[in-house]
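Each chain is listed here by its residues.
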Amino acid sequence: MGTNGSTMLEPLRQGLPPLDPAAVSDAASCALPARYEAVREARRFTRKTLDQWDMGDRFDDVCLVVSELVTNALRHGLPGNPACAGGQEPPVRLHLMRWTERLVCAVRDPSHDSPVARETDDFSSESGRGLFLVDSFSDSWGWHPLAGALSGKVVWALFRLPRPGSGPHTE
């Protein structure tokens, strides 16, 4: 049982949002090193990708969420010794996927532990705020364990996009 409304932050253990993978209009991903510069690289990759998709106006919200997801993956999703992944694919990977009216950011890491929003009354505290920010700035989020050859999990956040042509018109 969740207490005092925190249940909305308990991530749903579910697959990616109900979107048809075949209908993805654009997808991009980048492998991130197991170092804190990865957050900067993720931000740069996100900016470049959103600019290519003509979505630069969503950059601030999306980038904040990407930064938090990548930071969480580095902080909580990696084994104590990142070098032990030697030779394999980098352990953290960022995926950006766009449908007509949705954008999904997904970050893969090797940990099976569920992401948890820690209860904290200290909102000046850096730690534990990440998932509150993800919840605030995205339209929905969740996670699911990976199956098959890949071990670990994917944590995703979804952003609704305005329907093409439904924005304000400037005549």
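Everything in this summary refers to the structure shown in the same document. (Residues numbered from 1 in each chain as written. Predicted model: local features only at pLDDT ≥ 70, side-chain atom pairs only at ≥ 80, totals over all residues. Heavy atoms only, no water.)

### Examining the pairing of strand 4 (residues 102-109)
To keep things clear, this is the line we draw: Under the scheme applied here, a residue whose accessible area is under 20% of the maximum for its type counts as buried, over 50% as exposed, and between as partly exposed, the area being computed with a 1.4 Å probe on protein chains only. Put simply, DSSP marks the helices as runs of H or I at least four residues long and the strands as runs of E at least two long, and each gets a number from the N terminus on. When DSSP finds two or more bridges between a pair of strands, those strands are recorded as paired.
Summarising burial for strand 4: 7 of the 8 residues are buried, a large majority. Bridging between strand 3 (residues 92-98) and strand 4 involves 6 bridges; their strand directions are antiparallel. Across the sheet, Leu94 pairs through a bridge with Val107, a residue of strand 4. Here strand 3 folds back onto strand 4 in antiparallel fashion, the turn holding 3 residues. Here strand 4 runs beside strand 6 (residues 153-160); their pairing, made up of 8 bridges, is antiparallel. Bridge pairing in strand 6 places Cys105 opposite Ala157.

### Section: unusual backbone geometry
One non-glycine residue, Asp54, lies in positive phi territory at about 60°. On the secondary structure map, Asp54 appears in the loop between helix 1 (37-52) and helix 2 (59-76). Classification of Asp54 by relative accessible area gives exposed; the value is 71%.

### Observations regarding helix 2
Applicable threshold: Expected helix span is computed as 1.5 Å times (number of residues minus one).
Taking 1.5 Å per residue, 18 residues should reach 26 Å; helix 2 reaches 25 Å between its end C-alpha atoms and fits that length. Of all 18 residues in helix 2, 13 are buried, a share of seventy percent or more.

### Some details on the packing of aromatic side chains
The condition that has to hold: Each Phe, Tyr or Trp ring, with Trp reduced to its six-membered ring, pairs with another whose centre is within 6.5 Å; inter-plane angles below 30 degrees give stacked pairs, above 60 give edge-to-face pairs, and intermediate values give tilted ones. We count a charge as sitting over a ring when the NZ of a lysine or the CZ of an arginine lies within 6 Å of the ring centre and within 35 degrees of the ring normal.
The tally for this structure, following the rule as stated, stands at 0 aromatic pairs. Here the basic side chain of Arg47 rests over the ring of Phe59, its NZ or CZ set 3.8 Å away from the ring centre.

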